[in-house]
Amino acid sequence: MREKFALLIAALLFVLYAQAQPTPVLVKNINPLVHSSPRYFCEMNGKLYFIAVDGSNGFDQFLWVTDGSEQGTHKVSQVKMRPYPEGVPLIENNGLLYFAAENGTGEELWVSDGTEAGTRKLKEINATSSSWPKIFVKYKNKIFFNATDGIHGEELWVSDGTESGTVMFKDIRDPGVSFPFRLLVFNNLLFFAITNSANDFELWVTDGTTNGTRKIDNSPFTEVNPFSLHGWNGKVYFSAKNDTASQLWATDGTPSGTKPITDTSHSVDLDPQVMTNYSGKLFFNGYYKGNQVLWCSDGTPEGTNVWRDNNDQLIYHPENLRSTSFGLFFTAEKTPKYENYELWITKGTKESTKQLKDLNSLRSSYPSDFIEYHGKVYFSAAEVDNNRNMWKSDGVTVEKVIAPSTKKTMSNTIYPFFTIFNDTLFFSADFDSLGFELYKLGTAKPKDSTLTMGELNASYQLTLYPNPAGNIVNIVIDGAEMNNIHIEIYTALGELLRPQQDYHTITTGNTCIVNTATLKKGLYFVNVTTENIAVTRRLVIE
């Protein structure tokens, strides 16, 4: 009696556990032929816009929109989007989406209000070819971007959403081409890099006016690394090179406020990159004794040092630094061998800095795309089969997110694009062998959510026997055929054991015989889905 009661309690706990777990749900199979690869998400007017390959014209990409439902997911326009966008390819301002697209006359700047009729070319910037608009950023209620009119080369442009208000902001290099790059809005200023006549990067800043656009005096250094720009604590930090080496610098946008943080007399490159601030500190990737390691700075020369783990060891090749409420998540190695990038975390102290988990025992799992959602940090990482799977962590434990598959195979592959819209996490994945399609993370409604303790022993359309079972178990559905049956077996802790094809099922009429010879003794839950029912039942293996 006590044992049966314990089993009933365990079953109820499983139901409660299932109710609380967010579960990946397919929003829509946009491209039934191959991958639609939805990506570059942008929210506007209560809907989520993105770029996808729907198969209507080969591998061309189009603008799509979703409200989170299958019915509310559809193509906006037949205009072809840029196949390989640089920077941010979709950006919203004042109820318009800005993007690069072409309709047979070259690639130009387009806008859309979210309707087919409201999707139009904003301006023919280059009348003889393509203007290649790219690297969009919103600043002072306008969109700044890189484009060429065919005369001046790639320069900084600006648009207020009208044709007449879309103009070249400033011809920065005349003669020559400036190639504006890495546009960063910080402290009500727009920082960006351009190339000079020596093909080195210079650091510039603007207040949104042509007269207020100037080069930041860089007489102490000869070149800036534009990939390193990061705004923190009232200044923009960056890597700059003088005659000897690249060091860490900071600027408030003025010549007098532009100063080195690390010693510029050193002849060895620090070359700081991949900067992120966390807990009042600036963490970054920099060189130390010939290897890239994790550094930390409080913004002063004396407070800038290499950062070590809880075993007082260097942390090699840090990448993908992401600040969260649980700590600073990042990818790194214990050795300088470029062969084992794994999941790391720090909470701002040496004692809290450690490898959180080795997710791939054979090679690098390379965790990336960290995003905080509903009390967890979600990310993608590769397992031994090289598929990138979806994981979550609270900074202490790490779990893989399992999706209920509707097919016989489940690759669990994640494409590295996450976004939060309407309090729901959207992403691209191949959970159901459909190709990379649009998914969302929702709270799963358990198949058996209305069961009471008494009903757990009752026959509710589906029966398992013998139960307890040994080498086989029979699944019987009263009054229904086993059409398109899908079986999942979970442990008492909710872990999915294996795909259906490993169960060696034999189906006849309304009975399915399942081989359970390889299951260990204990409590399991069998999830059965057909065209008519979706039910979970407990199973004991003796």
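The structure presented is a predicted model; accordingly, all values stated were derived computationally and were not measured. Every chain's residues receive numbers from 1 upward, in the order its sequence appears when written. Given that the model is predicted, a residue must reach a pLDDT of at least 70 before its local features are reported, and side-chain atom pairs must reach 80 or more before they are shown or counted; all residues, however, enter totals for whole chains, interfaces and linings. Only heavy atoms go into the side-chain values, all of them from the structure, while hydrogens and water stay out.

Draft legend 1. Structural view of the overall build of the chain. Within the chain, the regular secondary structure consists of one helix and 44 strands. Three exposure classes are used, based on accessible area relative to the maximum for each residue type with a 1.4 Å probe and protein chains only: buried under 20%, partly exposed in between, and exposed over 50%. Taking all 542 residues of the chain together, the buried fraction comes to 53%. Any two residues having at least one pair of non-hydrogen atoms within 4.5 Å are treated as being in contact. The contacts of the chain with a sequence gap of at least 6 include a subset with a gap of at least 24, amounting to 45%. Roughly 24,200 Å² of accessible area belongs to the chain as shown, and the carbon and sulfur atoms make up 50% of that amount. Going along the chain from the N terminus, every DSSP run of H or I of four or more residues is numbered as a helix, and every run of E of two or more is numbered as a strand. Here the Shrake-Rupley method, with its probe set to 1.4 Å, supplies the accessible areas, and only the displayed protein chains count as covering residues.

Draft legend 2. Quick peek at the environment of Pro318. Relative to the assigned elements, Pro318 resides in strand S27 (residues 316–324). The exposure class of Pro318 is buried, given its relative accessible area of 0%. Taking the C-alpha atoms as reference, Pro318 lies 9.8 Å from Gln273; in sequence the two are 45 residues apart. Setting aside anything within four residues of it in sequence, one finds Pro318 in contact with Asn285, Gln292, Val293, Leu294, Phe330, Thr331 and Ala332.

Draft legend 3. Structural context of the packing of aromatic side chains. Stacked, tilted and edge-to-face are the three classes applied to pairs of Phe, Tyr and Trp rings, where Trp contributes its six-membered ring and a pair requires centres within 6.5 Å; stacked means planes under 30 degrees apart, edge-to-face means over 60, and tilted covers the rest. Considering all chains together, one arrives at 19 aromatic pairs under this definition. Judged by centre distance (5.8 Å) and plane angle (55°), the ring pair of Phe418 and Phe427 falls under tilted. Following the ring pairs from residue to residue traces out a cluster consisting of Tyr139, Phe144 and Phe169. Its guanidinium or amino end placed over the ring of Phe62, Lys75 lies 4.3 Å from that ring's centre, counting from NZ or CZ. Only lysine NZ and arginine CZ atoms are considered, and such an atom sits over a ring when it is within 6 Å of the ring centre and within 35 degrees of the ring normal.

Draft legend 4. Examining the sheet that holds strand S3 (residues 47–52) more closely. Spatial strand order, S2-S3-S4-S5: four strands in an open sheet with antiparallel pairing. Bordering the open sheet on either side are strand S2 (39–44) and strand S5 (74–75), each of which pairs with just one other strand. Here a strand pair is declared whenever DSSP counts at least two bridges between the two strands. Taken together, the two bridges between strand S4 (residues 62–66) and S5 define a ladder with antiparallel strand orientation. Residue pairing in the sheet places Trp64 in a bridge with Lys75 of S5.

Draft legend 5. Examining the pattern of salt bridges more closely. Salt bridges are counted wherever a side-chain nitrogen of Lys or Arg sits within 4 Å of a carboxyl oxygen of Asp or Glu. Applying the stated criterion across every chain yields a total of ten salt bridges. The salt bridge involving Glu102 is made with Lys80; its shortest N-O contact spans 3.0 Å. Linking Glu102 in strand S8 (residues 96–102) with Lys80 in strand S6 (residues 80–81), this pair joins segments that are 22 residues apart in sequence. You can call Lys80 partly exposed: its relative accessible area is 27%.

Draft legend 6. View of the side chain of Asp309. Among the secondary structure elements, Asp309 is positioned in the loop between strand S26 (304–306) and S27. Here Asp and Glu are counted as negative and Lys and Arg as positive; His is not counted, and neither are the chain ends. Buried and unpaired, Asp309 has no salt bridge, with Lys334 as the nearest side chain of opposite charge at 6.8 Å. In terms of polar contacts, Asp309 uses its side chain to reach the backbone amide nitrogen of Asn311, at 2.8 Å. Here Gln313 takes part through its backbone nitrogen, which lies 2.8 Å from a polar atom of the side chain of Asp309. Here Asp309 is in contact with Ile315, Trp344, Lys350 and Thr353, once residues within four sequence places are set aside. Within 3.5 Å is the distance limit for a polar contact, defined as a pair of N or O atoms, with the added protein rule that one can donate a hydrogen and the other accept it, and that residues adjacent in sequence qualify only through two side-chain atoms.

Draft legend 7. Quick peek at unusual backbone geometry. The residue after Asn467, namely Pro468, is reached through a cis peptide bond having omega 15°. Here Pro468 lies in the loop between strand S38 (462–465) and strand S39 (472–477). Although it is not a glycine, His317 adopts a positive phi angle of roughly 55°. Among the secondary structure elements, His317 is positioned in strand S27.

Draft legend 8. Local environment of the sheet that holds strand S19 (residues 223–232). As summarised here, the arrangement of the four strands in space is S19-S20-S21-S22, forming an open sheet in which the pairing is antiparallel. Pairing within the sheet leaves two strands with one partner each, and these edge strands are S19 and strand S22 (259–260). Summarising the sheet, strand S21 (residues 246–251) and S22 pair through two bridges and their orientation is antiparallel. Paired with Trp249 across the two strands is Pro260, which belongs to S22.

Draft legend 9. Seen up close, a nonpolar patch on the surface. A cluster of nonpolar residues, Leu33, Val34 and Phe59, forms a patch on the protein surface that exposes about 370 Å² of accessible area. When its relative accessible area of 36% is taken as the criterion, Val34 is described as partly exposed. Two joining distances apply to patches: 9 Å for like charges and 5 Å for nonpolar side chains (Val, Leu, Ile, Met, Phe, Trp, Tyr), and every residue must have over 30% relative accessible area and no salt bridge.

Draft legend 10. Quick look at the pairing of strand S10 (residues 119–123). Here four bridges tie strand S9 (residues 107–112) to S10, and the two strands are oriented antiparallel to one another. Bridging from a neighbouring strand, Leu109 pairs with Lys123 of S10. Connecting the antiparallel pair S9 and S10 is a turn made up of six residues, with Gly114 showing a positive phi of about 100°.

Draft legend 11. Fine view of the environment of Pro336. Tracing the backbone through its elements, the reader meets Pro336 in the loop between strand S28 (327–333) and strand S29 (342–346). Its relative accessible area of 33% is what places Pro336 among the partly exposed residues. Remark: the alpha-carbon pair of Pro336 and Gly290, spanning 46 residues in sequence, is separated by 9.8 Å. If we skip the residues at most four places from it in the chain, Pro336 touches Asn291, Tyr316 and His317.

Draft legend 12. A look at the confidence of the model for the chain. Confidence of the predictor at the level of single residues is given by pLDDT, which spans 0 to 100. Per-residue pLDDT for the chain averages 83, and the proportion of residues at 70 or more is 82%. Model confidence for the chain, summarised as mean pLDDT per element, is weakest for helix H1 (residues 2–20) at 44 and strongest for S29 at 97. Between residues 406–411, whose pLDDT stays under 50, and residues either more than four places distant or in other chains, the model counts 20 contacts.

Draft legend 13. Quick peek at the side chain of Thr73. Structurally, Thr73 can be placed in the loop between S4 and S5. On the basis of relative accessibility, which here comes to 0%, the residue Thr73 falls in the buried class. Residues in contact with Thr73, not counting those within four places in the same chain, are Val27, Lys28, Ile30, Phe50, Trp64, Val65, Thr66 and Leu438.

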